[in-house]
Amino acid sequence: MADRVTVIGWDGSPLTAAARSALGAATLVAGAAHHLALPEVPPAAERIRLGSVALAARRVAAHRGTAVVLADGDPGFFGVVRTLRDPEFGLEVEVVPAVSSVATAFARAGMPWDDAHVVVAHPRTLRRAVNVCRAHTKVAVLTSPGAGPAELGLLMEGVHRTFVICEELGTTRERVTVVTSDKAADHTWRDPNVVIVVGGSVGPGTATDGAGWIAGRDPAAGPRGWALPAEAYGAGLGEGETDLLRTAQLARLGPRLGDLVWDIGCGSGAFATEAARAGAAVIAVDRAQDACARTEATARHFGAQLQIVHGTAPHVLEDLPEPDVVRVGGGGAAVVSAVADRRPQRIVAHAATRDAAELVGRDLTEHGYRVECALLQSVGLDTRAWTETERSVAFLLTGEIVRREASR
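Just so you know, these numbers come straight off a predicted model, no measurement behind them.

Trainee: For the side chain of His117, give the residues involved together with the corresponding values.
Mentor: Along the chain, His117 falls in strand 6 (residues 117-120). On the basis of relative accessibility, which here comes to 16%, the residue His117 falls in the buried class.

Trainee: Which residues make up helix 3 (residues 53-62), and what values go with them?
Mentor: Here helix 3 has its buried residues at Ala56, Ala57, Val60 and Ala61. Along the long axis of helix 3, the arc covered by the buried residues comes to 140 degrees, so they all point the same way. Along helix 3, the residues that are exposed and aim more than 90 degrees away from the buried face are Leu55 and Ala62. Looking at the buried residues of helix 3, the elements they touch are strand 1 (4-10), strand 2 (28-31), strand 3 (46-49), strand 4 (66-72) and helix 4 (80-84).

Trainee: So what's going on with the sheet that holds strand 12 (residues 281-286)? Which residues, and what values?
Mentor: With mixed pairing, the seven strands of this open sheet are ordered in space as 13-12-11-14-15-17-16. The open sheet terminates on both sides in strands that have one partner only, identified here as strand 13 (306-310) and strand 16 (369-382). Averaged over neighbouring strand pairs, the angle between their axes works out to 20 degrees when direction is ignored. Looking at chain direction, strand 11 (residues 260-264) and strand 12 are connected through five bridges and run parallel. Among the inter-strand pairings, Asp263 is bridged to a residue of strand 12, identified as Ala284.

How each quantity is defined
- Residues numbered from 1 in each chain as written.
- Predicted model: local features only at pLDDT ≥ 70, side-chain atom pairs only at ≥ 80, totals over all residues.
- Heavy atoms only, no water.
- Helix = DSSP H or I, 4+ residues; strand = E, 2+ residues; numbered from the N terminus.
- Buried < 20%, exposed > 50% of the residue type's maximum accessible area, 1.4 Å probe, protein only.
- Arc of directions from axis to C-beta.
- Contact = heavy atoms within 4.5 Å.
- Pairing = 2+ DSSP bridges.
- Axes fitted to C-alpha atoms, helices over the stretch in contact; angles between N-to-C directions.

Remember, this is a structural readout, not a statement about activity or role.
Okay, here's the thing in structure tokens:
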């Protein structure tokens with residue numbers, strides 16, 4: 001095992017005295033090509049060009065001597081320190097940090113970033129990173145080859161955002177470019193780069209007075225509760241949007257950060273807005289123009305980021321990006337069948353009669369979903385006289401895919 005392992009962050013500025021001292025004593029140096037070209041790297045030191053950090057960690061662990069690992073920015077922030085400290089390698093490291101590339105990117109843009117989400121985009125995680133950009137007004141994306149600004153822009157189709165693209169930060173080739181998301185694919189971008197994605201409506205909980213208390217989106221933003229009462233949405237809700245049914249649907253689907261939710265038959269936008277408040281990206285679909293308008297107004301009122309699609313399911317669903325979970329609020333078995341063909345993890349639907357519920361349940365089962373069905377009944381009482389004010393009954397169906405296909 002190496003006698004000593006020092007991880008040095010580099011942001012393009014001159015190395016600190018501590019970094020120069022550690023590097024001067026190194027018998028092994030690992031880093032990218034531009035790190036290994038630094039004049040402070042000892043000529044006699046063994047050099048490892050970083051590709052796979054895990055493979056480099058094995059080489060470092062087997063080295064007899066003093067090792068230095070060079071990395072861009074802050075190596076403890078989505079960096080090599082996590083891998084090096086993995087129990088598999090048993091390495092204890094000293095870290096000499098630099099300014100992270102995310103902090104540098106926001107500095108170049110002249111923007112605060114304590115209210116930003118930060119995500120890493122690899123080809124295997126690109127879809128989830130895009131969903132975070134759809135759902136939130138300020139996101140920093142640490143990109144990688146095959147998951148860069150062009151790919152982000154292509155997958156953001158239908159959602160307007162502004163990209164601040166910061167290429168090769170800290171080098172003589174540094175470049176900062178501002179483009180709209182739909183134009184990002186028209187350019188070739190140099191690696192490494194950081195993309196700041198901004199846009200969308202600003203809602204409650206977005207600190208503009210310096211009063212923020214937590215990094216990222218304030219979890220206390222907006223009213224408390226999963227399913228708000230009908231009066232929170234102004235005009236009356238549809239029969240498939242009652243408080244109890246929405247609460248159960250949210251609990252079954254569990255929308256979360258990085259997910260894409262389809263809400264088909266969005267009605268007033270109550271469910272779509274509450275799924276967005278949970279951090280998920282949401283596409284709300286309805287064939288009625290007035291329902292789309294109501295959903296847009298509801299989302300704007302609560303500061304929720306929604307993509308609203310006017311059209312009739314199932315045909316309008318064909319060009320939408322792949323969902324993680326889906327609420328079918330209208331359209332019956334035909335729409336449920338079309339949704340199941342897209343293989344989301346979970347689907348919820350409701351029915352007014354047992355026969356209709358059985359038809360939907362059988363279709364989900366035939367598509368390889370495990371189906372649960374519950375009869376939900378709620379009775380509203382006027383607590384001044386304890387008399388019944390309203391009654392609702394619905395069959396709630398939940399389909400969960402039995403065998404999850406290859407991770408997206």
